[in-house]
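# Per-entry structural report
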Amino acid sequence: MSTLPIIDIAPFLTRESQQDEDKRAAASSALYDACVNYGFFYLNIAAFVDPSEPEELTKLAREFFALPQEEKDKLALRNEDHARGYARLKENVTNGKADNHEGLDFYRPVENPDKSKPLWGENQWPTVPGFEEKFKRWVEKMKILGLIVMEAMADGLRMTPDEWKDLRSQVDDSFWVMRVIGYPPLPNDHDGFSCGAHKDYGCLTFLHADPTPSALQVFLARPGLVQSESSDLPKEQGSEEGVWINADPIPGCVVCNIGEMWEIWTNGLYRSTLHRVVHRGSNYRVSIPFFFEPNFDAVVKPLAAARRINACSEHTDVAKEHKSVVYGEFLVAKVGNNFDGKGKYDN
Ligand SMILES: O=C(O)CCC(=O)C(=O)O
Ligand SMILES: [Fe+2]
């Protein structure tokens, strides 16, 4: 069975010698292959953050989730803009079914907050000592990582310096999102998943999860390959042929996947990959995805560099032009689903 590629970001942190340049070129091209063939990969970030840092975040998250329900409810989404704050177990819905998780959502702070406007409220931080400070530090690191990976991807697509400058200007004030998710074991009779199958809708997701194995699953579209479905799980991939593989955590790495904005930028060359969580283990699992997204007002449209590749590629249907979107409008439409009782991951 396939496993996801591992890409080390170390070559993107130094640029001193020719050897660095060579390693960098090799890593950019590995990134390109990973995006075309998987849409998911491990990023070894050990050269950038000490592994003890995200472990500390997991501990703080556990402290929060262990609080009495009424304490957690003090940060309810409805206090704010219905997007920032705490969602109870099963409050989130994917594909019409309740997800077996609880979680806290944070977004990029905005100027002149107004909680009556979608996404325009204020973050609600738990009072767990150290929580706000440590998670804010993580946000700053992940924003830097986002720009590093974006530049590496631009290299992988052989973008010109001007093209990269233009793409950079679409993501340099990222409307990021961070989720802190707690998953109790999935009961056998639960009608749904720990988190149902979905694609992430933005740009890049960096996921730190505790070491729980066999929880996060990734769907690899592989025509001709059909998994012998021994499990009782519904087929969320529709009629597409392929396999679900586990993306278990690797120490020193975050799991990275690309969101739907990359599908638009590359006119379908990079595909945003379906994934889901099925946590049948007996422990309480914690995961912390950070979503590095475009700027709120970024106009996302197919990139010239991707058109050049698509013109001579067997991977995509070049006739099919992806529609451009203003990222903030796209996001409000997605999250806006919450207001009419649908879940965040619903389309
Ligand atoms: O908890 C996980 O491993 C994945 C969560 C996820 O896919 C998401 O929040 O978008
Ligand atoms: Fe996701």
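Under an unreviewed UniProt entry, the name given to the protein is Clavaminate synthase-like protein, and the organism recorded is Crucibulum laeve.

The protein atoms that coordinate the iron ion (ligand 2) are H198 (NE2), D200 (OD) and H275 (NE2), at distances spanning 2.1 to 2.2 Å. One chain supplies every donor to the iron ion (ligand 2), and in sequence these donors are spaced H-x1-D-x74-H. Here H198, found in strand β8 (residues 195-198), pairs with H275, found in strand β13 (residues 275-277); they are 77 residues apart in sequence, far enough to count as distant. Looking at H275, the relative accessible area reads 6%, which means it is buried.

On to the pairing of strand β9 (residues 204-209), then. Most of β9 is tucked away: six of the six residues are buried. Of the two faces of β9, the one holding L204, F206 and H208 and the one holding T205, L207 and A209 are both buried throughout. Here four bridges tie β9 to strand β12 (residues 253-258), and the two strands are oriented antiparallel to one another. Looking across to β12, one finds that L204 is bridged to I258. In this structure, β9 lies alongside strand β14 (residues 285-292), joined through six bridges in antiparallel fashion.

A few words on the packing of aromatic side chains. This structure, assessed with the given rule, holds 16 aromatic pairs. Here the aromatic rings of F64 and Y86 are separated by 5.7 Å at their centres, their planes lie at 75°, and the arrangement is edge-to-face. Of this pair, F64 sits in helix α2 (residues 52-65) while Y86 sits in strand β3 (residues 85-87), and the two are 22 residues apart along the sequence. Ring plane angle 65° and centroid distance 5.0 Å describe the contact between W120 and F296, whose orientation is recorded as edge-to-face. With W120 in the loop between β6 (102-107) and α4 (131-156) and F296 in the loop between β14 and β15 (299-300), the pair connects residues that are 176 residues apart, well separated along the chain. Judged by relative accessible area, which is 25%, F296 ranks as partly exposed.

This paragraph deals with unusual backbone geometry. With phi around 70°, L119 is a residue other than glycine that occupies positive phi space. In this fold, L119 is placed in the loop between β6 and α4. Here L119 falls in the buried class, since its relative accessible area comes to 2%. The backbone phi angle of N267 is positive, close to 50°, even though this residue is not glycine. Mapping N267 onto the fold places it in the loop between α6 (260-265) and β13. By relative accessible area, which is 8% here, N267 ends up buried.

This part covers the side chain of R285. As for its position among the elements, R285 is in strand β14. Those residues within four positions of R285 in sequence are excluded, and the remaining contacts are I181, G182, Y183, A209, D210, T212, A215, L216, V277 and H279.

The subject of this paragraph is α2. In this model, α2 (14 residues) spans 20 Å end to end at C-alpha, consistent with the 20 Å of a helix rising 1.5 Å per residue. Along α2, the residues that are buried comprise P54, L57, T58, L60, A61, F64 and F65. Taken down its axis, α2 places every buried residue within 165° of arc, on the same side.

What counts and how
- Residues numbered from 1 in each chain as written.
- Chains lettered and ligands numbered in written order.
- Predicted model: local features only at pLDDT ≥ 70, side-chain atom pairs only at ≥ 80, totals over all residues.
- Heavy atoms only, no water.
- Donors = N, O, S within 2.8 Å, 3.2 Å for Na, K, Ca; no water.
- Helix = DSSP H or I, 4+ residues; strand = E, 2+ residues; numbered from the N terminus.
- Buried < 20%, exposed > 50% of the residue type's maximum accessible area, 1.4 Å probe, protein only.
- Pairing = 2+ DSSP bridges.
- Phe/Tyr/Trp six-rings, centres within 6.5 Å; stacked < 30°, edge-to-face > 60°.
- Contact = heavy atoms within 4.5 Å.
- Expected span 1.5 Å × (residues − 1).
- Arc of directions from axis to C-beta.

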